[in-house]
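Residue strings, one per chain:
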Amino acid sequence: RAARQAEYEKTRRVREAEKLDEQPYVQEMTLIEQTVAFCKSLTTTKEVGEKKEEKEIQHDLKDGMEVLTKKEDRDEYYFVPLAKKKSKSKN
């Protein structure tokens, strides 16, 4: 009986030593590391996009010529209608 008990204690200690080698929450840690790497990749692409420099273009225009701008760059003017349209009602 004493030999069995000693063998059992030995195997129990080996199992406990193996458990100490394993890191707890391995899946959670890898998920957090992947999330941080993903967020860093998103922020670096935004910084690269913002660093684009706009070049000033020199236009050689003759009298009476104009340069059209992009629709986003234009100043928007909103004209309010002067009178409402009469609605046709069926009575």
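Residues numbered from 1 in each chain as written. Predicted model: local features only at pLDDT ≥ 70, side-chain atom pairs only at ≥ 80, totals over all residues. Heavy atoms only, no water.

1. Remarks on the overall build of the protein
Consideration 1: Scanning the protein for helices and strands turns up two helices and zero strands.
Consideration 2: Counting every position in the protein, which comprises 91 residues, the buried fraction comes to 0%.
Consideration 3: Here the protein has roughly 11,000 Å² of accessible surface; of this, 53% comes from carbon and sulfur atoms. (Helix = DSSP H or I, 4+ residues; strand = E, 2+ residues; numbered from the N terminus. Buried < 20%, exposed > 50% of the residue type's maximum accessible area, 1.4 Å probe, protein only. Areas by Shrake-Rupley, 256 points an atom, 1.4 Å probe, with all protein chains shown as cover.)

2. A few points about a nonpolar patch on the surface
Consideration 1: Taken together, Leu61, Met65 and Val67 make up a surface patch of nonpolar side chains, about 260 Å² in accessible area.
Consideration 2: Within the secondary structure, Met65 is located in the segment after α2 (26-50).
Consideration 3: Note on Met65: relative accessible area 47%, which makes it partly exposed. (Patch = residues over 30% accessible without salt bridge, like charges linked within 9 Å, V, L, I, M, F, W, Y side chains within 5 Å. Salt bridge = Lys/Arg side-chain N within 4 Å of Asp/Glu carboxyl O.)

3. Re the pattern of salt bridges
Consideration 1: The tally for this structure, following the rule as stated, stands at two salt bridges.
Consideration 2: Arg12 is the partner of Glu9 in a salt bridge, and the nearest nitrogen-oxygen pair spans 2.7 Å. Placement of both Glu9 and Arg12 in helix α1 (residues 2-21) is noted, with a separation of three residues, approximately one turn of the helix.
Consideration 3: Ionic pairing is found between Glu16 and Arg12, a salt bridge with its closest N-O pair at 2.7 Å. Taken as a pair, Glu16 and Arg12 lie in helix α1 at a separation of four residues, close to a single helical turn.
Consideration 4: Overall, the relative accessible area of 40% leaves Glu16 in the partly exposed class.
Consideration 5: The network of salt bridges with common partners includes Glu9, Arg12 and Glu16.

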